[in-house]
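Structural characterization, general
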Protein chains: 2
Amino acid sequence: MKKIATLFAAAFVGVSAFAQQALWGGPQVESPVLNADGTVTFRYLAPKAVKVTVSGDFLPTRKIQTPYGEFDAPGVAELKEGQNGVWEYTTDFKPAPEMYSYTFNVDGLNLIDNNNIWVNRDIASMTSTFIVPGGRADLYTVQDVPHGTVSKVWYDSQAAGFRRRMSVYTPAGYNPCGKTRYPVLYVLHGIGGDENAWLELGRAAQIMDNLIAQGKAKPMIVVFTNGNISQEAAPGENSTGYTRPTTQLPKTMEGSFEASFPEIVKFIDSNYKTIARKQGRAICGLSMGGFHTLYISLNYPDMFNYSGMFSAAIGVSEQQMCPMYDNFDAKLAEYFSKKPALLWIGCGNTDFLYKSNIDFMEKMNRAGYPYTYRESEGGHIWRNWRIYLSEFVPLLFK
Amino acid sequence: MKKIATLFAAAFVGVSAFAQQALWGGPQVESPVLNADGTVTFRYLAPKAVKVTVSGDFLPTRKIQTPYGEFDAPGVAELKEGQNGVWEYTTDFKPAPEMYSYTFNVDGLNLIDNNNIWVNRDIASMTSTFIVPGGRADLYTVQDVPHGTVSKVWYDSQAAGFRRRMSVYTPAGYNPCGKTRYPVLYVLHGIGGDENAWLELGRAAQIMDNLIAQGKAKPMIVVFTNGNISQEAAPGENSTGYTRPTTQLPKTMEGSFEASFPEIVKFIDSNYKTIARKQGRAICGLSMGGFHTLYISLNYPDMFNYSGMFSAAIGVSEQQMCPMYDNFDAKLAEYFSKKPALLWIGCGNTDFLYKSNIDFMEKMNRAGYPYTYRESEGGHIWRNWRIYLSEFVPLLFK
C-alpha cells in the first residue's frame, strides 16, 4: 500500500521539481524552526548575498524618529552565513507565546521567507508569520475543539449600488433551520483592510472557537463587514480584477459606510437565526473600524448594546463634515441616555491615536458617561487588536 | 469630508511606513502591468542585482531533460535594469486570456513579486499570479453576476477519528431552509493539495458562479473535500500548527480516503438541501483526486451518476494493494452495468500520466465501456484542470 503512494509521489515530485517547483522556488531549508529550548531559528538560502537580516515583531522594538514623532519599529537581527549559502539566525531569547510577523532583508531587498507558506497580507504588504504556542497564543490557533463555520457571503447593497461581500462566522452547532437564536457581533477592520483582515491577521475564527469552547464566550454569530463601501470585496476577489490594496479608497471615512449599516443588519437578521434586537447585538472595530463603530453606535443608538473601539481613529469628528458626524455631543448624550450595556475602549500606550482616545475619554468623564478602558503596551498593531477582541468578546451578551 | 480621510490616511501611512510598511517591503513599483496593447510588463526593484529573470507559464514553454523524460517547463525572460534600480521586462507578445503564475529570479534567488499581492500556494511553493481577462479567463474572475457562498465547514470524521474540514459552495439563491433541492458535485484535489486548492488555484467558485449565471450549468452545491485523511485541514489551518505542506503525507493513496467517502456524502446530505440519490451526485478530481474519483466511483457504484477524471494518477491499481483497489475488472464491469450517465476523462498530451490514461481507455475500449475523452495541450498543470472543470460541469444533471 505504501508502495503506490511512494512511487507516485516520487514521480510527481520528480516531474514537478523540474517542471514547476525548482522554478517556483519551493522549500530549500527549514525556516522558521521553533526549537525545543524556546528559541527560534530563521534560515535563508542566499549563496551570493553580502548581508542578510531579519526584522520582525518577535524582536525587541527599537525607537525610530519620523516626521510624525517617535515610534516603535520592529527590531532587526543579522543572519550569519553558514554552509552552502544558508544564512541563519537563532534568537538568544525565548519569544513569548504570540503570533509574529517577519521579513528578511537580503542586500537591501525586503523579502518574505520563501520556505514558510504562512504568509499574511496587511494592506499591500506581505509578511511571513509564525506562532509561538502557549498562553494567549493558544487562542489564535486551531485547537481540538468544535469549530464554527466561516462563510464568504455576498449581499445586494442598496447603499453602494452593487453586490458586496462579508465574512460570517456561525458557531459550532449552529443550525440555520433550528429554533436556537444567537446574538450577533459585528467586527470592523481598519483602513486598507477588508472582510478578510480579522480572519487572517486577527485570527478571529480561532479566537471565537476557543473562547466558546472554554465557556468564556457565549455562542454567537460574528459578521466581518467590508468597510470600504466603494469596494465589492477584498482586492483580487472582486470584479475589478487585479487591484493593488490601498489606504486611499474613496468613501472610507465620510459617513457612507456608517449610513449603510442598517442594510447589513437587516441582511443578517433576514438570513441567520439572530436575536434581532439591541440586546442581541454588539459591534467593534479597529482603527478606522473603531471610528466607524463609534459613529454607527451614536447614529443608531437602538441598534447595539455593546460597542468596542480598538485603537479607534477618533478625534477629528468635531469638524462636522457630514450628517453622520455632526451633532456629536447631542448624539453622545442620546446614546448614553439609552443605557448601552458596554462602551469598551482599548488603546496601546504608544499608539499614534493614544492622545485622541484619551481626549475622548476625558470628554466622557466630564459628562459622567460610563465606559471601560483597557490600556495595553505597544502601538497600532495587530497584537493589540487580537488581545482586545479576546477580552471584549467574553463581556458580551451576559 | 475628503479632508478627514486624507488627513488620517496620511498620518496612518506615514506612521505605518516607518513602523511597518517600509520594513515589510510594501509596493515600490507597479508590477505586473497589463498594457493597453495586450503586452504585460514586469518590474522588480533590485538596485544591487546583477541578473534578474522572470519565469512563468505566460512565456512559451521550453523542453527540459529529466530522469523521468523530457518535459515542458515554463519559459524564462531577462529583465533589464533601468532607472533607480528598477528592472523591467515587457513581453513582445500578447499573452492569451488565462490565469498565469510567475516568479522572479534575482541573482539565483527565486522570489515572488513583492509588488503583487496576488499570491498562490501550490503545495509548498509560493507563486505570484495574474489574469489576462477575456475568453475563458472571464470564467476565472469575479463578474457582475450573482455569487454563491463559499464556506469552510468542519465535520466529525469517524474514519479519521478527528474533526476534518471541507469547503462547500452553495449557489446564489440557495436557501438552507427552503424547498428547493440541489444536486451535488464533489471536487477532489491532487497530491499535496487540500480543501483550499480548487478554490485558490482552480478558481472553482468563480467558474461555478459564471457558468450558472450564463445558464451553462445547473445551480448545484459543490463540495471540496480534503483527500489527505491523516490531515484535519489545510496546512496552517489545523491543530498541528505550522506544518510544511508535503506530498508525502501518510494514507493518501491506500484506500482510506476512498473508503471514508460515504461519511462525507452522508454529512452533506444531512446538512444541505441535496438531491440525495445517485442522479443528483457527481464527482471529479485532478491527479490523485482523479485516482480517488475512479476508485470511489467503482467501489460505490450506486453513489455517483457522473465521474470526471482530470489527469488522473491511474495505472498502478492492478497491484491490488487494498480492498478498495482489488477486483478492478469486476468492479469496472459492475460500475458500467449500472449505466452511469457519464465517465469523463481529460488529459494533457504532454502529461507524465498521459500513457496510463491512454492505457485505461484502451482497456475500456476492449470491453466496450462508454466514456468521453478530452485531450488538451500541455501537461500536469492547473490551466488544464480549470479547463476540464469548466467543460465537465455543463454536462452534469441535465
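What about the sheet that holds strand β8 (residues 86-90) of chain B?
Residue and element names in this part refer to chain B. Taken in spatial order, the four strands make up an open sheet running β1-β2-β8-β7, and their pairing is antiparallel. The open sheet has two edge strands with one neighbour each: β1 (33-34) and β7 (80-81). Across two bridges, β1 lies against strand β2 (residues 40-45) in antiparallel orientation. What sits directly across from Val33, in β2, is Thr41.

So, the state of the cysteines
The term disulfide refers to a covalent linkage connecting the sulfur atoms of a pair of cysteines. Applying the stated criterion across every chain, the model contains one disulfide over all chains. Across a sulfur-sulfur distance of 2.2 Å, Cys177 of chain A and Cys177 of chain B are joined as a disulfide pair. An S-S torsion of about -100° defines the bridge between Cys177 of chain A and Cys177 of chain B as left-handed. Within this pair, whereas Cys177 of chain A is found in the loop between β14 (162-170) and β15 (184-188), its partner Cys177 of chain B is found in the loop between β14 (162-170) and β15 (184-188), the two belonging to separate chains. Not part of a disulfide, Cys284 of chain A finds its nearest cysteine sulfur in Cys347 of chain A, a span of 15 Å.

Description of the environment of Asn105 of chain B
Residue and element names in this part refer to chain B. Mapped onto the elements, Asn105 comes out in strand β9 (residues 98-106). Along the primary structure Asn105 and Ser125 are separated by 20 residues, whereas in three dimensions their C-alpha atoms are 14 Å apart. From its side chain, Asn105 meets the backbone nitrogen of Gly108 in a polar contact 2.8 Å long.

What to know about the sheet that holds strand β7 (residues 80-81) of chain A
Residue and element names in this part refer to chain A. Spatially, β1-β2-β8-β7 is the arrangement adopted by the four strands of the open sheet, whose pairing is antiparallel. Pairing within the sheet leaves two strands with one partner each, and these edge strands are β1 (33-34) and β7. Here strand β2 (residues 40-45) runs beside strand β8 (residues 86-90); their pairing, made up of five bridges, is antiparallel. Pairing of Arg43 across the sheet is with Glu88, part of β8.

Observations concerning the packing of aromatic side chains
Residues and elements named next belong to chain A. Inspection of the entire model under this criterion finds 66 aromatic pairs over all chains. For the ring pair Phe336 and Tyr369, a centre distance of 4.4 Å and an interplane angle of 10° mean the geometry is stacked. With Phe336 in helix α7 (residues 328-337) and Tyr369 in the loop between α8 (354-367) and β20 (372-376), the pair connects residues that are 33 residues apart, well separated along the chain. Judged by relative accessible area, Phe336 falls into the buried class, the value being 9%. By the ring-pair criterion, three or more aromatic residues cluster together here, those being Phe42, Tyr44, Phe58, Tyr89, Tyr100, Tyr102, Phe104 and Phe130. Its guanidinium or amino end placed over the ring of Tyr140, Arg386 lies 5.4 Å from that ring's centre, counting from NZ or CZ.

Some remarks on the pairing of strand β19 (residues 342-348) of chain A
Residue and element names in this part refer to chain A. Counting buried positions over the seven residues of β19 gives seven, a clear majority of the element. With burial as the criterion, each face of β19 is covered, one bearing Leu342, Trp344, Gly346 and Gly348 and the other bearing Leu343, Ile345 and Cys347. Pairing analysis gives five bridges linking strand β18 (residues 306-310) to β19, with the strands arranged parallel. Directly across from Phe310, in β19, lies its bridge partner Gly346. As judged from the five bridges shared by β19 and β20, these two strands associate in the parallel manner. Pairing of Gly346 across the sheet is with Arg374, part of β20. Note that the unit made of β19, α8 and β20 has a crossover that is right-handed.

Observations concerning the confidence of the model for chain A
All names here are of chain A. Taken over all residues, the pLDDT of chain A has a mean of 90, while the share at 70 or more is 92%. pLDDT under 50 marks residues 14-26. Its contacts with residues more than four places away, or in other chains, come to 53 contacts. In the predicted complex, the global pTM is 0.93; the interface-specific ipTM is 0.92.

Quick notes on the side chain of Lys331 of chain A
All names here are of chain A. Looking at the secondary structure, you find Lys331 in helix α7. Relative accessible area serves as the criterion here: at 13%, Lys331 is assigned to the buried category. Excluding anything up to four places from it in sequence, Lys331 contacts Leu298, Asn299, Pro323, Met324, Tyr325 and Asp326.

Observations regarding the packing of helix α3 (residues 204-213) of chain A against helix α9 (residues 382-392) of chain A
A pair of packed helices is characterised by two quantities: the angle between their axes and the separation of those axes. All names here are of chain A. Between α3 and α9, whose axes approach to 10 Å, the crossing angle comes to 30°. In terms of axis orientation, α3 runs roughly parallel to α9. For α3 against α9, the interelement crossing comes out right-handed. Along its contact with α3, which presents Ala204, Ile207 and Leu211, the element α9 presents Arg386, Leu389 and Ser390. Residue classes in the contact of α3 with α9 are distributed as four nonpolar, one polar and one charged.

Side note on the pattern of salt bridges
All names here are of chain A. Taken as a whole and judged by the stated rule, the model has 32 salt bridges over all chains. The closest approach of N and O atoms between Glu98 and Arg136, which form a salt bridge, is 2.8 Å. Of the two residues, Glu98 sits in strand β9 (residues 98-106) while Arg136 sits in the loop between β12 (125-132) and β13 (149-157), which places them 38 residues apart along the sequence. With relative accessibility at 1%, the residue Glu98 sits in the buried group. Salt-bridge contacts for Glu98 lead to Arg386; the nearest nitrogen and oxygen are separated by 3.1 Å. You can see Glu98 sitting in strand β9 and its partner Arg386 sitting in helix α9, a full 288 residues away along the chain. Among the residues examined, Arg386 registers a relative accessible area of 3% and is labelled buried. Residues joined by salt bridges that share partners form a network here, namely Glu98, Arg136 and Arg386.

Section: helix α3 (residues 204-213) of chain B
Two residues of an α-helix separated by three or four positions point the same way, owing to the 3.6 residues in each turn. Residues and elements named next belong to chain B. The element α3 is largely enclosed, with a buried count of nine among its 10 residues. Of the positions making up α3, those classed as buried are Ala204, Ala205, Gln206, Ile207, Met208, Asp209, Asn210, Leu211 and Ile212. Taken together, the buried residues of α3 touch β13 (149-157), β14, α2 (197-200), β16 (221-224) and α9 (382-392). Of the residues one or two after α3, Gly215 is the one with positive phi, at around 75°.

Topic: the nonpolar core
Within soluble globular proteins, side chains that are nonpolar tend to cluster in buried spots. Ranked by internal contacts, the top residues of the largest apolar core, which has 88 residues, are Leu185 of chain A together with Leu185 of chain B. When neighbours within four sequence positions are excluded, Leu185 of chain A is seen to be in contact with Met220, Ile221, Val222, Val223, Ala282, Ile283, Cys284, Leu389, Phe392, Val393 and Leu396 of chain A. Listed in part, the 50 residues of the second largest apolar core include Ile283, Ala313, Tyr335 and Phe336 of chain B.

With respect to the environment of Pro219 of chain A
All names here are of chain A. One can find Pro219 in the loop between α3 and β16 (221-224). Linking Pro219 and Phe336, residues 117 residues apart in sequence, is a C-alpha distance of 27 Å. Those residues within four positions of Pro219 in sequence are excluded, and the remaining contacts are Pro171, Tyr182, Pro183 and Ile212.

With respect to α7 of chain A
Residue and element names in this part refer to chain A. Within α7, burial applies to Phe328, Lys331, Leu332, Tyr335 and Phe336. Looking straight down α7, one finds that the buried residues subtend no more than 130° of arc, so they occupy a single side. Facing away from the buried side of α7 by over 90 degrees, the exposed positions are Ala330 and Ser337. Just downstream of α7 lies Lys339, where phi reads positive at about 50°.

Rules and cut-offs
Residues numbered from 1 in each chain as written. Chains lettered and ligands numbered in written order. Predicted model: local features only at pLDDT ≥ 70, side-chain atom pairs only at ≥ 80, totals over all residues. Heavy atoms only, no water. Pairing = 2+ DSSP bridges. Helix = DSSP H or I, 4+ residues; strand = E, 2+ residues; numbered from the N terminus. Disulfide = S-S within 2.5 Å. Polar contact = N/O pair within 3.5 Å; in protein donor to acceptor, adjacent residues only side chain to side chain. Phe/Tyr/Trp six-rings, centres within 6.5 Å; stacked < 30°, edge-to-face > 60°. Buried < 20%, exposed > 50% of the residue type's maximum accessible area, 1.4 Å probe, protein only. Lys NZ or Arg CZ within 6 Å of the ring centre and 35° of its normal. Right-handed = clockwise from strand over helix to strand, strands pointing away. pLDDT = per-residue confidence, 0-100. Contact = heavy atoms within 4.5 Å. Axes fitted to C-alpha atoms, helices over the stretch in contact; angles between N-to-C directions. Parallel < 35°, antiparallel > 145°, perpendicular 65-115°, else oblique. Left-handed = near helix turned anticlockwise from the far one by under 90°. Nonpolar A, V, L, I, M, F, W, Y, C, P; charged D, E, K, R; others polar. Salt bridge = Lys/Arg side-chain N within 4 Å of Asp/Glu carboxyl O. Core = buried A, V, L, I, M, F, W, Y, C linked by side-chain atoms within 4.5 Å. Arc of directions from axis to C-beta.

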